[in-house]
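# Coordinate inspection notes
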Amino acid sequence: MTGSIDFADEHIRLSFGHQTGVLLALEDAVAGTSFVVEQTLAENWRLLIPLPELRHHYVSGREQLLSSFDVGDGELQLTWHGIRSDVVGDLDIDVTQTWRFARTGVEVVTALRNGSPHQVEEVVSPALGGLGRPDEDEWKLHHPGPLGPGDEFEVFTEFPGTYLGPRNPVWLLPYHTKSGMPWVDVYAKGARRGLYLGIHDPAGAHAVFQLQLFPGPVYRGDRQVWPDPTVLGQETPIGLTAAWSSFPFLTTGGTWTSAPVVLRFHDGTWWSGARIFREWWDEHFDPAPRSWLAEEDAWQSTIISYPDGEIGFRYSDLPALAEDARTAGIRVIQICGWHDGGLDRNYPDYSTDPRLGTSEEFTEALRACEELGVKVLVFGNLQVANLETPEWESLRGYAITDPHGHHYATVGWDYNTTTGIEQLSGYRMAWMNPAHDGFRERWMREMRGILDRHPAGIQLDKVLGGGFFGMDYNPDAPGTPATTLAVGLQSAMEELLEEGRREREDFCLAAESHWDRTPRFANASYARYFTGDHLPTFAAVFPEHRQTCAVTGPHDFGLVNNSLRFGHIISLEPAWMHGSASDVPVTSEYVRRALEFRRGLRGWIWESSLVDPWGWIVEEPDAVSSSAHASWDGRGEALVLNHFETGARTVRIRRRADAGELLTVHRIGLPPEPLTGEVTIAPDEVVVVTAAVPGSDAAARERGTR
């Protein structure tokens, strides 16, 4: 076969090689930009077929002859019957790639039949090879992270990949560990046009997005960058392969079909990619039932006892902690280290600690806090067990293991000694898989012991992106190594939420997690946003799901202001979680005022979604940080601004399009005033500019204040 196989509609144009089925062209039909710039590096798929003495045994689809292709109504099917390995020869493995038009792009599904005597462990498909800059614009690759913020880099200039690894370096983004959501977005900053690449798997199996640069990057200071073709010469091909890896562990005689990999062109930047992923998510899942936790915009978090024996508070002190929180305008306290042994010790045992009081005193303290109008989040864990307990030997069979049967690295924290902070002397925890019925039943017995006390909610720590490790090779774990953790974690959270709601109708969960499955069960994520700025990727996808910002110091006004800018829960953690609001009176008073201010603007900057700030123009934008909110009730948008400098900063603000909106400036402790164009923001100040839709009730109210 010669020539090419063309597959195109009004959104996307694709071209495949007749001989091998490699992707020769990937073009945005609307913008007229083509991403495959080096066809000699074109690819289609790769299979990892480990051999006893050669684990690194990849078979590349670009070296196989295409058996057939079939173009139907909006669908192209490419088939390879039998493949050949340079190491073992012919293999009875069939590969089928099906490309289907879907909205403004395509969905790609890969199917395998394995008649060979070997296991197919990894499927890299579709592999998009020979990619390069499609035009002169600056192209960013934006990706979610494991802890809420996203990150990005200039994808056709930089390459933040491996030093030691394959011959041609790779950059990996594993879903579950380094990314809580399985998508990336490549977008042109100037043209505001992008390409979304995601794997849409309802099962949530471990998957890895990867980039591989040929022939490899060079160092420019502390950055790795693409090589210069004028130095290498035109005969050296330079290009990028982008691909999603799935891990079927397909054994002899089996068949497997991948989840769809979605390539979709769009207007806008990464914010559009976030919307694409959420649209898919909503087709398959429902968010957790809304509860009081979704409405509360502040917590006080305190560790009442530590694993080294330090005791800060006893059960009888909890109502006083709640009263301190209430003086700062906070109506939720999170209590850590309440169980036997203190924080990060003795898991999965969650019995009460006699050093802190009796079981009855703990139950009574929870009830007394609620009578004061303060809900209590009780701290817990989902997937760890301490190695130092007598119970460990009966639990170790449920631990996550590597392919050789060894436990992955354990963790442990001790908080008040030098060696503890070095993580040398803490109690050690192994990572457990709640897909094992035995472990989940043991864990649920402990959780029921908490639920019997009728708490308002439980905060599950250390869930992160769905686990510290993407796969579990424990041969006794249900499912495959790539699926077992996702299934186990979701089933455990689902069971706990259901049990809790039987005890009290408003029971809810929070979790230290920014995994895309967590919002199915939890209303909030525990997080620590200590940096002045970040890319709010998780918030862009799940605006109704709350995230915390830890506020620790004696006058952390900047982090309080950041909480308002990003719509974060203010998690006041006085004296670095050793105390209560009374221990940081200056911070607590500012928290009280900031909460009063935000609650007065609730419809603007709390019952709202973070959105692309493109609709706002801030002149001298580097002087301040800003975030845009869109109100859920349609009243308009708000821009929230602050900075961390010690001197005042002045900027000019206007809307990109004049829609007749009423622009009003709001400051803590001052009456609203019309925006005159220029806004000065003092040190440790937060300013909100609202843009009320003409004719709305909000616009009428704003006029009424003038």
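The present account deals with the structure reproduced in this document.

Conventions and cut-offs
- Residues numbered from 1 in each chain as written.
- Predicted model: local features only at pLDDT ≥ 70, side-chain atom pairs only at ≥ 80, totals over all residues.
- Heavy atoms only, no water.
- Helix = DSSP H or I, 4+ residues; strand = E, 2+ residues; numbered from the N terminus.
- Rg over C-alpha atoms; globule rule 2.2 N^0.38 Å.
- Buried < 20%, exposed > 50% of the residue type's maximum accessible area, 1.4 Å probe, protein only.
- Contact = heavy atoms within 4.5 Å.
- Areas by Shrake-Rupley, 256 points an atom, 1.4 Å probe, with all protein chains shown as cover.
- Pairing = 2+ DSSP bridges.
- Axes fitted to C-alpha atoms, helices over the stretch in contact; angles between N-to-C directions.
- Phe/Tyr/Trp six-rings, centres within 6.5 Å; stacked < 30°, edge-to-face > 60°.
- Expected span 1.5 Å × (residues − 1).

### Notes on the overall build of the protein chain
For the protein chain, the helix and strand inventory stands at 15 helices and 41 strands. Taken over the C-alpha trace, the protein chain has a radius of gyration of 27 Å; the compact-globule value for 706 residues is 27 Å, and the two agree within 12%. Along the longest, intermediate and shortest principal axes, the C-alpha atoms of the protein chain span 80 × 70 × 50 Å. Looking at the protein chain as a whole, 60% of its 706 residues qualify as buried. Sequence separation of 24 or more characterises 68% of the internal contacts of the protein chain that already satisfy a separation of 6 or more. As presented, the protein chain carries roughly 27000 Å² of accessible surface, and 50% of it is formed by carbon and sulfur atoms.

### Looking at the pairing of strand 33 (residues 608-611)
Regular strands have side chains that alternate between both faces of the sheet. Burial along strand 33 is two-sided: Ser608 and Leu610 facing one way and Ser609 and Val611 facing the other are all buried. Of the pairings in the sheet, the one linking strand 33 to strand 35 (residues 625-631) comprises four bridges and is antiparallel in character. What sits directly across from Leu610, in strand 35, is His629.

### Remarks on the sheet that holds strand 17 (residues 207-214)
Spatially, 6-5-11-20-17-14 is the arrangement adopted by the six strands of the open sheet, whose pairing is antiparallel. Every interior strand has two partners, whereas the edge strands, strand 6 (58-60) and strand 14 (170-175), have only one. Averaged over all neighbouring strand pairs, the angle between strand axes comes to 20°, with direction disregarded. Pairing analysis gives eight bridges linking strand 17 to strand 20 (residues 239-246), with the strands arranged antiparallel. Opposite Phe214, over in strand 20, you have Gly239 as the bridge partner.

### Comments concerning the environment of Val411
Here Val411 shows up in the loop between helix 6 (392-395) and helix 7 (418-421). Here Val411 falls in the buried class, since its relative accessible area comes to 14%. With residues up to four places along the chain from it excluded, the contact list for Val411 reads Tyr427, Arg428, Met429 and Trp431.

### Considering the sheet that holds strand 34 (residues 616-619)
With antiparallel pairing, three strands are arranged side by side in an open sheet as 34-37-40. At either margin of the open sheet sits one strand with a lone partner, and together these are strand 34 and strand 40 (678-681). For this sheet, the mean inter-axis angle between neighbouring strands, taken without regard to orientation, is 35°. Note: strand 37 (residues 649-655) against strand 40, four bridges, orientation antiparallel. Its bridge partner lying in strand 40, Val651 is registered against Val679.

### Re the packing of aromatic side chains
Tallying each qualifying case throughout the model produces 25 aromatic pairs. Between Phe538 and Phe542, the ring centres sit 5.0 Å apart and the planes meet at 40°, which makes this aromatic pair tilted. Residues Phe538 and Phe542 agree in their burial class; the two are buried. Here a set of aromatic residues connected by ring pairs shows up, and it is made of Phe277, Trp280, Trp281, Phe285, Phe538 and Phe542.

### Side note on helix 9 (residues 484-503)
Between its first and last C-alpha atoms helix 9 spans 29 Å; for 20 residues at 1.5 Å apiece the expected length is 28 Å, and the two agree. Every buried residue belonging to helix 9 is among Thr484, Leu485, Ala486, Gly488, Leu489, Gln490, Ala492, Met493, Leu496, Leu497 and Gly500, and all of these are buried. Buried residues in helix 9 make contact with helix 8 (437-451), strand 28 (457-464) and strand 29 (508-513).

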